[in-house]
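Fold and geometry: a report
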Amino acid sequence: MAFEFTKENLQKFEETLKRYPQKRAALLPALWLVQEQQGWVSKESMEYLAKLLDLTPAFVYETATFYTMYNLKPIGRHHIQVCNSVCCSLRGSQETVATLKKKLEIEVGESTSDGRFHLSTVECLGSCGTAPMMQINDDYYEDLNEEKIDKILEKLK
Amino acid sequence: MEMILSKNWSVKDQRKIDVAMKNGAYASLEKIFKMSPEQVTEEVKLSGLRGRGGAGFATGMKWTFVPKETTRPIYLINNLDESEPGTFKDRAIVEKDPHMMIEGMIIAAYAIKSHTAYIYIRGEYHKQWEIIEEALKEAAKKGFLGKNILGSGFDLNIYQHRGAGAYICGEETALLSSLEGGRGYPRIKPPFPAIAGAWGCPTIVNNTETLTNLPFILNNGAAAFKKFGTEKSPGTKLISASGHINRPGVYEIEMGLPIRTFLEEHLGGVWKGQKLKGVVPGGSSFAPLTAEEAYQTNLDFESCAAAETSLGSGGFYVMDETTCMVRLLQFTAKFYEHESCGQCTPCREGTGWVSQIVRRIESGHGRERDLALLNDVCKNMMNGRTICVFADALAMPVLGFLKKFGNEFEEHIKLGRCPHSVSLRGLRA
């Protein structure tokens, strides 16, 4: 599926270019823009960025695959990322993971069949004082318990 | 006593520039523009301010490494990649008082003669990115950013650069690789970034908390700053407190505060009336302290170093007596296995091996020779065998846990199972 930026995103991209002395530096922000536009980063979009930034597609691929936050395949609309790192583990993050698996009837790394949710476990999100916690898309949900999780899931359609 | 960084944290709407200015934000700028950049640097040197990102290097000294006669652009980078497990203090600065941080960046940029500065913010901090974006707009509107700031002839633009979920990008040379659009691979030092950093130009990378200390130092003078803390660790420190305590959160404490006082008075003690088993005072990259050691250690660079750990970035987490230390180390090792950038063999392979061995011990399949093996692997990962210190940052806690809680590892191996009552048996890290 061919990819190109919407007019608005193309403008944002061009603004970004002005911030750096070299074009290549705009690659991370450009990948973010792609993800914002289509929810994930496809190979076609990487080829598109390579052209825009005068890079080889291989270079774009190399960068995109290094960072865990770029989704390299389409995922559920609401990306649930549970912090299962050191400090959250001290305050019960594994129970949070187990609760979510049970409620969504999926394993970690899977999406629900209706495409609504995708479940991941991730490393430290800088929220150790409010553990256990999860990030759904751009938002943090902290001090979780089962009741809270129910309410949060219900709201996300 | 009124602190330095958190003094306005309970003020309503402190994020808004008008409120912040009523509380003194940007007041230091008039003053610094009457000084030379060298005088600003000298004041910071005199203050004894040390980097708050983990290494504790003298900030003013770092600035003087920028070549005096350079004709190339000089860059300032605010390292807001905060990703060390246990650390969430810079997030608090942004959420509670972002203008103090921006003011600090202006001071630092003026001192090192930089006209373009970047904030490297971790990708997950999206809300915080929005807060900063708004604060930068406000500051530009008031004339604190842009061309000819307050008629001083000094120009400065600040941009944010969003990471995408790689711990290693908090390492300053990996950060530069990432800023330039590549994988977050650390670079061999020397050359240090002050000589050849971003795009090969002189670059100073300072931690967010370090920069946020600057307005106080320039407003009140180095002597006022040195009234806080200890002789070699002047000032205050933000401590991110988590784990098995009653009141987790971010606390600003005067350097040198005994851990006992911090735990009992600030944090409300260990939760559920349990006894203390151990503490990690400076983030996951450092050795833990036993309860006994913790009660004899203070929160400053020297005291932590004397106890063979580090104040690091102030990621302070507490373990109660029910904690399985093998399991905790398993989670720690998993983090480093996941976050190794893969460039150097001892680290790429070593972090994986350590993680596997600790997992094996925790699950009851450990072998007697595993402890010697762990020691051996760690010693082969450390002390300059890799480009950056990431591998050391796993080796240090592993050796620390083995030294201080070795009996728990031996018990796991002997019993062939975890002796702790883990209700979540079967759920693997």
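Residues numbered from 1 in each chain as written. Chains lettered and ligands numbered in written order. Predicted model: local features only at pLDDT ≥ 70, side-chain atom pairs only at ≥ 80, totals over all residues. Heavy atoms only, no water.

**Description of the interface of chain B and chain A**
Bring the parts together and some accessible area is lost; that lost area is often taken as the interface size. As a reminder of what qualifies: Contacts are assigned to residue pairs with any non-hydrogen atoms lying within 4.5 Å of each other. What gets called buried area is simply the loss in accessible area from a 1.4 Å probe that two parts show on being joined, summed for both. In what follows, salt bridge is the name for a side-chain nitrogen of Lys or Arg lying within 4 Å of a carboxyl oxygen of Asp or Glu. We define a polar contact as two N or O atoms separated by no more than 3.5 Å, with the added condition that, inside protein, one atom must be a possible hydrogen donor and the other a possible acceptor, whereas residues neighbouring each other in sequence contribute only through side-chain atom pairs. For the purposes of this entry, the term helix denotes a DSSP run of H or I that reaches at least four residues, the term strand denotes a run of E that reaches at least two, and both are numbered from the N terminus. Basically, the charged four are Asp, Glu, Lys and Arg, the nonpolar ten are Ala, Val, Leu, Ile, Met, Phe, Trp, Tyr, Cys and Pro, and anything else, Gly included, counts as polar.
Residue-level contacts link 61 residues of chain B with 41 residues of chain A. Together, the buried faces of chain B and chain A total about 4,200 Å²; carbon and sulfur atoms form 56% of this surface. Inspection of the chain B/chain A interface yields 6 salt bridges. In this structure, Arg24 of chain A and Glu180 of chain B form a salt bridge, with 4.0 Å as the shortest nitrogen-oxygen distance. At the boundary of chain B with chain A, the tally comes to 27 residue pairs in polar contact (both at pLDDT 80 or more). Sort the elements by how many residues they give to the side of chain B that touches chain A and helix H15 (residues 325-339) of chain B lands first, with 8 residues. Of the residues that constitute the side of chain B that touches chain A, the class distribution is 28 nonpolar, 20 polar and 13 charged.

**Observations regarding the pairing of strand S6 (residues 249-254) of chain B**
Within a regular strand, side chains alternate between the sheet's two faces. All names here are of chain B. To be explicit about the condition: Think of it this way: DSSP has to see at least two bridges between two strands before they count as a pair.
As defined by bridge partners, strand S5 (residues 236-243) adjoins S6 across 6 bridges and the pair is classed as antiparallel. Within S6, the residue paired with Ser240 across the bridge is Val250. Here S5 folds back onto S6 in antiparallel fashion, the turn holding 5 residues.

**Remarks on the sheet that holds strand S3 (residues 134-136) of chain A**
All names here are of chain A. Basically, it comes down to this: Axis definition: a line fitted to C-alpha atoms, over the contacting stretch in the case of helices. Angles run 0 to 180 degrees between N-to-C directions.
With mixed pairing, the 4 strands of this open sheet are ordered in space as S2-S1-S3-S4. Each edge of the open sheet carries a strand with a single partner, namely strand S2 (117-122) and strand S4 (139-141). Shown here is a sheet whose adjacent strand axes are inclined to one another by a mean of 25 degrees, direction ignored. Examined bridge by bridge, S3 and S4 share 3 bridges and lie antiparallel to one another.

**Description of the side chain of Thr203 of chain B**
Residues and elements named next belong to chain B. Selection criterion: Categorising residues by exposure relies on relative accessible area from a 1.4 Å probe, with only protein chains included: less than 20% of the type maximum marks a residue as buried, more than 50% marks it as exposed, and the intermediate range marks it as partly exposed.
By the secondary structure assignment, Thr203 is in strand S4 (residues 203-207). By relative accessible area, Thr203 is classed as buried at 1%. In terms of polar contacts, Thr203 uses its side chain to reach the backbone amide nitrogen of Ala198, at 2.8 Å. In this structure Thr203 touches Tyr75, Ile77, Leu176, Pro193, Ala194, Gly197 and Ala198, once residues within four positions along its chain are discounted.

**Thoughts on the packing of helix H2 (residues 27-38) of chain A against helix H4 (residues 57-66) of chain A**
For any two helices packed against each other, one specifies the inter-axial angle together with the distance between the axes. Residues and elements named next belong to chain A. The condition that has to hold: Roughly parallel here means an angle under 35 degrees, roughly antiparallel means over 145, roughly perpendicular means 65 to 115, and every remaining angle is called oblique.
Between H2 and H4, the shortest axis-to-axis distance is 11 Å and the interhelical angle comes to 75 degrees. In terms of their interaxial angle, H2 and H4 are classed as roughly perpendicular. Contacts from Leu27, Leu28 and Leu31 of H2 reach H4 at Phe59, Val60, Thr63 and Ala64. Its residues placed into classes, the contact of H2 with H4 shows 6 nonpolar, 1 polar and no charged.

**Some points on the pairing of strand S3 (residues 157-162) of chain B**
When strand S2 (residues 116-121) of chain B meets S3 of chain B, the two strands line up parallel, connected through 6 bridges. Residue pairing across strands places Tyr118 of chain B opposite Tyr159 of chain B, the latter belonging to S3 of chain B.

**A few points about the domain arrangement of chain A**
The condition that has to hold: Start and end positions for the domains come from either an automated domain assignment or a database one.
When its domains are assigned, chain A resolves into domain 1 (7-66) and domain 2 (78-155). The gap between the C-alpha centroids of domain 1 of chain A and domain 2 of chain A is 29 Å.

**Notes on unusual backbone geometry**
Residues other than glycine predominantly adopt negative phi, and peptide bonds predominantly adopt the trans conformation. Residue Pro132 of chain A is reached from Ala131 of chain A by a cis peptide bond, and omega for that bond is -5 degrees. You can see Pro132 of chain A is positioned in the loop between S2 and S3. Residue Pro190 of chain B is bonded to the preceding Lys189 of chain B through a cis peptide linkage, with omega at -5 degrees. Positive phi, normally seen in glycine, also occurs at Asp54 of chain A, with a value near 55 degrees. Tracing the backbone through its elements, the reader meets Asp54 of chain A in the loop between helix H3 (43-53) and H4. Phi angles above zero are rare outside glycine, and Lys272 of chain B is one such case at about 55 degrees. In this fold, Lys272 of chain B is placed in the loop between helix H12 (259-266) and strand S8 (276-280).

**Considerations on the pattern of salt bridges**
The tally for this structure, following the rule as stated, stands at 37 salt bridges over all chains. Ionic pairing is found between Arg91 of chain B and Glu142 of chain A, a salt bridge with its closest N-O pair at 3.0 Å. Highlighted residues: Arg91 of chain B in helix H5 (residues 89-96) and Glu142 of chain A in the loop between S4 and helix H7 (146-155), drawn from two different chains. Assessed through its relative accessible area of 10%, Arg91 of chain B is described here as buried. Accessibility expressed as a relative area gives 22% for Glu142 of chain A, which makes it partly exposed. Glu171 of chain B is the salt-bridge partner of Lys189 of chain B, the closest N and O atoms lying 3.8 Å from each other. Placement of Lys189 of chain B in the loop between helix H8 (172-179) and S4 and of Glu171 of chain B in the loop between S3 and H8 is noted, with a sequence separation of 18 residues between them. Through salt bridges with shared partners, a single network forms among Arg52, Lys89, Asp90, Glu209 and Lys237 of chain B.

**Focus on the domain arrangement of chain B**
All names here are of chain B. Partitioning chain B into domains gives domain 1 (17-226), domain 2 (236-320) and domain 3 (326-415). For domain 2 and domain 3, the distance between their C-alpha centres works out to 23 Å. Taken together, the contact between domain 2 and domain 3 spans 13 residues of the former and 12 residues of the latter. Each partner contributes to the roughly 1,000 Å² buried at the junction of domain 2 and domain 3, and carbon and sulfur atoms together form 59% of this total. On the surface where domain 2 and domain 3 come into contact, there are 3 salt bridges. Counting across the interface, domain 2 meets domain 3 through 6 residue pairs in polar contact (both at pLDDT 80 or more). Secondary-structure elements contributing two or more residues to the side of domain 2 that touches domain 3 are S8 and strand S9 (289-290). Looking at the side of domain 2 that touches domain 3 residue by residue, the class counts come to 6 nonpolar, 4 polar and 3 charged.

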